[in-house]
Amino acid sequence: MTAPVPEDKLRLGGMALRNGLLVHGPTQWAAAVRTEGGELKVASGRKPDLGGRASARVPGVRGIVKLAEAMAVIPLVKRALPEARLPMQDVKTLGSMGAAALAGHAIRTAGAHRPDGPGSRTAGREAAVALVSLAPALLALRSGDLAAYHGVEHKSIAAYEEGSDAADAHKEHDRCGSHLVAPMLAAAAVGNVAMRRAGLRGPAAETAVGLGSAAVAVEMFAWGERHPDSTITRLMRRPGFEIQRAVGTREPTEEQLEVGRAALAEILRVEAGQVEGGE
């Protein structure tokens, strides 16, 4: 069962860094990292508003806008905290992204050369392409301390919501982005098959399918939060929990939890400042 965020608590989200944690609040972001020299550094700032409030009641659009706002924070974090190492900031991961792109192209090309033509591309083939595209993210999680800081993210936010200590919280979380994986892959597979059978090609069509699958996944994610006891919700989240358990998270050390506590304290400080300032 998914426990809703208590009314007296902020709704927080986050992103694990290779050496720390980025936390999103309603209007602010905060990040804490452990430098190579062992120093704990913290930074924070205001989140960019790309129309999240205006689109809050527009299904499909609101999810894409929120994702765009989360991505827009990343360069702000790097500017304020140059020591922060991003999840994909790794030569092996970048190499795997290139390999995944080539593999996906090869799978589609093989389908195009079948005697019955491009229309024979099946949802199974597109699902295979989608799964291949997931490989770089899984590789990134398995390397270095990223999985441990993903655990820090979950444990820190859960501890805040539950009023407990991060060390005692679970490393898997109901609102993890891994729960977007299954619906996004399914929507992308169906969308790509429909696109190709309609004779559509090119970057614009592929971008439309990508945005559409992300929008569907976010809406299903939100629906699951509103219906936590639904069988559909449980089935939809099972792959995400398995990803978290097997690959995505690792129990962090006390030193890593300290970084998470610093990021959490900073986001609560700056968000409280916004309330006091009346903004």
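Residues numbered from 1 in each chain as written. Predicted model: local features only at pLDDT ≥ 70, side-chain atom pairs only at ≥ 80, totals over all residues. Heavy atoms only, no water.

*Asks:* I would appreciate a short explanation of the packing of aromatic side chains in the present structure.
*Replies:* Each aromatic ring pair is characterised by the separation of its centres together with the angle its planes make. Under the defined criterion, the tally for this structure stands at zero aromatic pairs. One Lys or Arg, Lys9, reaches over the ring of Tyr160 and ends 4.8 Å from the middle of that ring. (Phe/Tyr/Trp six-rings, centres within 6.5 Å; stacked < 30°, edge-to-face > 60°. Lys NZ or Arg CZ within 6 Å of the ring centre and 35° of its normal.)

*Asks:* Would you explain helix α1 (residues 61-80) in this entry?
*Replies:* Every α-helix winds through 3.6 residues per turn, so residues three or four apart in the chain are directed the same way. For α1, which comprises 20 residues, the first-to-last C-alpha distance of 29 Å matches the rise-based estimate of 28 Å (1.5 Å per residue) to within 8%. Among the residues of α1, those classed as buried are Gly63, Val65, Glu69, Val73, Ile74 and Val77. (Helix = DSSP H or I, 4+ residues; strand = E, 2+ residues; numbered from the N terminus. Expected span 1.5 Å × (residues − 1). Buried < 20%, exposed > 50% of the residue type's maximum accessible area, 1.4 Å probe, protein only.)

*Asks:* Before we go on, may I ask you to explain the nonpolar core in this structure?
*Replies:* For soluble globular proteins, the rule of thumb is that nonpolar side chains tend to be buried together. Judged by nonpolar contacts, the single largest core of 20 residues is most densely connected at Leu12, Val23 and Ile267. Here this core takes seven residues from helix α8 (residues 254-277), the largest share from any one element. Excluding residues that lie within four positions of it along the chain, Ile267 makes contacts with Leu12, Val23, His24, Gly25, Gln28, Trp29 and Ala30. Within the second largest apolar cluster, 13 residues are counted, among which are Leu17, Leu22, Ala31 and Val73. (Core = buried A, V, L, I, M, F, W, Y, C linked by side-chain atoms within 4.5 Å. Contact = heavy atoms within 4.5 Å.)

*Asks:* Before we go on, may I ask you to explain the packing of helix α6 (residues 203-226) against helix α7 (residues 231-248) in this structure?
*Replies:* The relative placement of two packed helices is expressed as an angle between their axes plus a distance between the axes. Remark: α6 packs on α7, axes separated minimally by 9 Å, with the N-to-C direction vectors making an angle of 130 degrees. It follows that α6 is oblique to α7 by the angle criterion. Taken as a pair, α6 and α7 cross one another with a handedness that is left-handed. Contact residues: α6 offers Met220, Phe221, Trp223, Gly224 and Glu225, while α7 offers Ile232, Thr233, Met236 and Arg237. When the residues that make up the contact of α6 with α7 are grouped by side-chain class, the tally is five nonpolar, two polar and two charged. (Axes fitted to C-alpha atoms, helices over the stretch in contact; angles between N-to-C directions. Parallel < 35°, antiparallel > 145°, perpendicular 65-115°, else oblique. Left-handed = near helix turned anticlockwise from the far one by under 90°. Nonpolar A, V, L, I, M, F, W, Y, C, P; charged D, E, K, R; others polar.)

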